[in-house]
Amino acid sequence: MAATFFLIIGATLTMKLWLIKVPLVVMGIALITSRDRLAIDFENRRIMKYALILGYRWGKWLSVDQAKYISLVRIRMHRNENFISITRHSTTAMVKANLIFSKKHYLTLFREKGVNALEMVKTIALGFDLKVLDMTGKGKQWIEPNILHGSFDGTETKWE
């Protein structure tokens with residue numbers, strides 16, 4: 001939303017104000033093309049969540065040595081889209097993976113659809129030798145990452 005605002009304002013300014021127009025257009029393009037990424041360095045036991053903006057990484061490395069486990073939580077992502085008088089609401093079931101350091105300190109690794117999250121969690125957990133706490137069902141369940149396949153509880157995956 002902010003990116004569109006910068007593009008519209010920047011594009012509508014007159015040529016006399018080009019010193020303002022150009023930075024606004026560049027900021028709008030940077031925000032539209034920005035992406036959140038995750039970099040993992042198993043060799044040095046560190047992880048980095050960063051924003052990729054115009055080809056530059058914005059983030060810092062975080063040591064995984066103090067991490068206790070990875071938790072998986074089922075969430076629902078809500079999205080409202082409004083266009084003139086048409087409103088559309090959609091909800092998607094997803095799994096959020098958190099790298100837990102303490103009760104109050106954690107790092108959200110990603111939010112993905114359940115099936116896509118399995119391989120990512122397995123790779124991270126095995127690479128850093130961490131257990132996985134599955135809180136996607138009715139209760140909590142500890143899972144050894146080397147047996148992750150299919151769904152977490154041994155039944156068919158019902159995530160959408």
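The shown structure was predicted, so the numbers you read here are calculated from the model rather than taken from an experiment.

Trainee: Lay out unusual backbone geometry in plain terms, naming residues and giving numbers.
Mentor: Phi is positive for R45, close to 50 degrees, though the residue is something other than glycine. Look at R45 and you get partly exposed, because its relative accessible area is 28%. Positive phi outside glycine occurs at D129, with the angle close to 55 degrees. Relative to the assigned elements, D129 resides in the loop between α3 (114-128) and β8 (131-135).

Trainee: Give me the pattern of salt bridges: which residues, what numbers.
Mentor: All chains considered together, the criterion is met by two salt bridges. Between R46 and D41 there is a salt bridge; the shortest N-O distance is 3.0 Å.

Trainee: Please give an account of the confidence of the model for the protein that cites residues and values.
Mentor: For the protein, the mean per-residue pLDDT works out to 77, and 76% of the residues sit at or above 70. When pLDDT is averaged over each helix and strand of the protein, the minimum, 64, is found for helix α1 (residues 2-12) and the maximum, 92, for strand β4 (residues 62-63). Of the regions scoring below 50 in pLDDT, residues 149-160 engages in 21 contacts with residues more than four places distant in sequence or in other chains.

Here is what the cut-offs are and how they apply
- Residues numbered from 1 in each chain as written.
- Predicted model: local features only at pLDDT ≥ 70, side-chain atom pairs only at ≥ 80, totals over all residues.
- Heavy atoms only, no water.
- Buried < 20%, exposed > 50% of the residue type's maximum accessible area, 1.4 Å probe, protein only.
- Helix = DSSP H or I, 4+ residues; strand = E, 2+ residues; numbered from the N terminus.
- Salt bridge = Lys/Arg side-chain N within 4 Å of Asp/Glu carboxyl O.
- pLDDT = per-residue confidence, 0-100.
- Contact = heavy atoms within 4.5 Å.

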